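Overview (structure and organization)
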Amino acid sequence: MRGSNYMQREIWSSRTGFILATVGSAVGLGNIWRFNYLTYENGGGAFLIPYFVALFTAGISLIILELALGSKFKGAAPLALKRANKRFEWIGWWAALSGFIITMYYVVIVGWALIYLEKAFVLGWGEDANGYFFGTVLQLTDSAWDLGGFPVPVLLGAAAVWGVTWIVEAKGVQAGIEKANRIFMPLLWILALVLVARALTLEGAFTGIDWYLKPDFNRLFEYHVWLAAYGQIFYTLGIGMAIMIAYGSYLPDGSDIANNALIVSLANGAFSFLMGFAVFGTLGYMAAASGQGVDQVVADGIGLAFVVFPTALNLLPGLNALTAVAFFACLVVAGLSSLVSLVEGFVASLMDKFEMERGRAVRVTVVFGLLGSLLYASRGGLYWLDIVDHFIMIYGLLVVGTLEAVAIGWIFGAGKIKEWVNASSDVRAGIWWDLSVKLIVPVVLVVLVAEETASNLATPYGGYPQMAAYLGMALMAAGIALSLLLSMVRREVD
Amino acid sequence: MLSQESILMAAFGFVVLYGGLAYFLMIALKSKRR
């Protein structure tokens, strides 16, 4: 199918299909390995209060904004923003490029999960999970400057993940993205429930969950706790990566926007909250079995998934392999459903701009994406993954979110988008939406970007050599420059 | 064991997230919109 300008745009086959695909996009690795740690670290159950405030005052509003932009202007991020105002196109490109940059390393992480899924049947990581991950799987070099060639399984894992993404993407919106998520989403929730059920039957599980949820309301007076909640909301909902605008552009006219945004945001939060019981329940058992406190075994991110959890899985009193398979399958499925949406945001942008057929746009994306993934699949790739992830989250997503909110809220006119949303939604976007898009979102995001920038300038991120941090910043600058260049290329009919 | 405060926070989280989700899904089910 051709781009939007001279052939009919693809549409979702049903509301259910759209909701499943959008939830699939929002629910990713962070829901499994980040939310619960942040909760534990920022006041336990008390963190739910800033999290919900952030969800209702910023997250839902931005999802409504992005879906509405796609739906109203019938275009992926660059085209939709261009149709709002010609000067905004580059913001759409920076969103699409940010999503594409994230895709390149996200593929590699899902590839690791795939390797672990294969090993899970026999707990193939052995007794030393730390040594297995960094030594055997990654074969990590001593510094970011030493890429050191490729560990073959990591390369094959990344290639396999790109392969699956290619197949799903090439089939298009209905036969690819929608169909895949009709399998992915029920499977993901079943796997999560299996993990929760297993965790709750373990000795010490409730002690672990107590660490997860025991509230410390004094933390609510700390401003960083609120920033962490807003940050988590922006990262978890897939905002600022061109995804929601592309997905919104496939909505048939008259589709609900506000209620769909609420359903997707709450489902995303519900999954994160549920997974916290599986993770902290298992950590509670691990702490009890190894005679340590939960605070001594707890971790987040890659460390939780590939070091701490495999160690905990070794210690389980039974059903070890089953639990291990469920956990890594959960990571793979959550990762794949998000990857597909990340790629779609970029593919749809190419299709619109260069009037490319879907097949060609997907091929171009996969070939360049695979080439980019090589950096992260190398033996020194973990360092670059960490550096690029850090910078793209700030100068990609947060900056795009700010620019979108200011551009649409203040320049294009929030009222015009609200009118579009309210014409077809069962839940109305009221004054709260204006307030959120015009004031809360830009202010919070500017504070977040300023805080991170000040911290980066004070000390090089992650203790990396200053040059590595400069390279991270240079990549961001190059991305923004490329976005501006792409927006100057005149290809579309309109 | 799980403290009473943690049980309350668990209930709070489930009510807001799953209750809210059920409520808005119900609206969607009754709606003719796509």
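Heads up: these notes are all about the structure in this document. (Residues numbered from 1 in each chain as written. Chains lettered and ligands numbered in written order. Predicted model: local features only at pLDDT ≥ 70, side-chain atom pairs only at ≥ 80, totals over all residues. Heavy atoms only, no water.)

Considering the overall build of chain A
The criterion, for reference: Put simply, DSSP H or I for four residues or longer makes a helix, DSSP E for two residues or longer makes a strand, and each gets a number counted from the N terminus. Atoms counted for the radius of gyration: C-alpha only. Globule rule: 2.2 Å times residue count to the power 0.38. Only protein chains enter the accessibility calculation, which uses a 1.4 Å probe. A residue is then buried if its area is under 20% of the maximum for its type, exposed if over 50%, and partly exposed in between. Residue contacts are counted whenever heavy atoms from the two residues lie within 4.5 Å of one another. A 1.4 Å probe and the Shrake-Rupley method give the accessible areas. Residues count as covered only by the protein chains that appear here. Asp and Glu count as negative and Lys and Arg as positive, but His and the ends of the chain are not part of the count. To locate a charge, take NZ of a lysine, CZ of an arginine, CG of an aspartate or CD of a glutamate.
Scanning chain A for helices and strands turns up 20 helices and zero strands. Taken against the 2.2 N^0.38 rule, which gives 23 Å for 494 residues, the C-alpha radius of gyration of chain A at 22 Å falls within 12% of a compact globule. For chain A, with 494 residues in total, the buried portion stands at 64%. Considering only residue pairs separated by 6 or more positions, chain A has 86% of its internal contacts joining residues 24 or more positions apart. Taken as a whole, chain A presents about 16,700 Å² of accessible surface, with 66% of it coming from carbon and sulfur. Once the 28 positive and 33 negative side-chain charges of chain A are each reduced to a mean point, those two points are 11 Å apart.

Topic: the pattern of salt bridges
It is possible for side chains of opposite charge to pair when their charged atoms get near one another. Residue and element names in this part refer to chain A. Put simply, the rule reads: Salt bridges are defined by distance alone: a side-chain nitrogen of Lys or Arg within 4 Å of a carboxyl oxygen of Asp or Glu.
Tallied over the full model, the rule gives 10 salt bridges over all chains. Across the salt bridge formed by R358 and E10, the nearest N and O atoms sit 3.0 Å from each other. One end of the pair, R358, is in helix α17 (residues 358-377); the other, E10, is in the segment before α1 (15-26), with 348 residues separating them in the sequence. For R358, a relative accessible area of 3% corresponds to the buried category. Taking the relative accessible area as the measure of exposure, E10 reaches 13% and is therefore buried. Salt-bridge contacts for E222 lead to R219; the nearest nitrogen and oxygen are separated by 3.0 Å. Using a relative accessible area of 36% as the deciding quantity, one classes E222 as partly exposed.

Quick word on the interface of chain A and chain B
As a reminder, the rule being used: Values labelled buried area give the accessible surface lost by two parts on being combined, using a 1.4 Å probe and summing over both. A 3.5 Å cut-off defines polar contacts: any pair of N or O atoms within that distance qualifies, except that in protein one atom must be a possible hydrogen donor and the other a possible acceptor, and neighbouring residues in sequence count only when both atoms are side-chain atoms. The nonpolar class holds Ala, Val, Leu, Ile, Met, Phe, Trp, Tyr, Cys and Pro. Asp, Glu, Lys and Arg form the charged class, and all remaining residues, Gly among them, are polar.
Contacts between the two partners involve 40 residues from chain A and, on the opposite side, 22 residues from chain B. Taking both sides of the interface into account, the surface hidden between chain A and chain B amounts to around 2,600 Å²; carbon and sulfur atoms contribute 71%. Between the two partners, chain A and chain B, sit six residue pairs in polar contact (both at pLDDT 80 or more). Those elements giving two or more residues to the side of chain A that touches chain B turn out to be α4 (48-73), α10 (205-213), α13 (258-289) and α18 (381-424) of chain A. Take the side of chain A that touches chain B: its biggest share by element is 12 residues, from α13(A). The residue makeup of the side of chain A that touches chain B, split by class, is 24 nonpolar, 11 polar and five charged.

Points about the environment of A477(A)
Residues and elements named next belong to chain A. Structurally, the position occupied by A477 is in helix α20 (residues 466-488). Looking at A477, the relative accessible area reads 46%, which means it is partly exposed. With 82 residues separating them along the chain, A477 and Y395 place their C-alpha atoms 9.0 Å apart.

Considering α20(A)
All names here are of chain A. What counts is decided by this rule: Working rule for helices: expected span equals 1.5 Å times residues minus one.
The end-to-end C-alpha distance of α20 is 33 Å, a good match for the 33 Å that 23 residues give at a rise of 1.5 Å each. Residues of α20 that are buried include every one of A468, A469, G472, M476, G479, S483, L486 and S487, and no others. Each element contacted by the buried residues of α20 is listed here: α6 (89-120), α16 (320-354) and α18.

Focus: the packing of helix α7 (residues 129-137) of chain A against helix α15 (residues 301-315) of chain A
All names here are of chain A. To be explicit about the condition: Axis lines are fitted through C-alpha atoms, for helices just across the contact stretch, and the angle between N-to-C directions can take any value from 0 to 180 degrees. For this classification, under 35 degrees means roughly parallel, over 145 means roughly antiparallel, 65 to 115 means roughly perpendicular, and everything else is oblique.
Between α7 and α15, the shortest axis-to-axis distance is 8 Å and the interhelical angle comes to 135°. Compared by their axis directions, α7 and α15 come out oblique. Taken together, the residues of α15 that come into contact with α7 (itself represented by A129, N130, F133 and F134) are I302, F306, V307, P310 and T311. Split into classes, the residues belonging to the contact of α7 with α15 amount to seven nonpolar, two polar and no charged.

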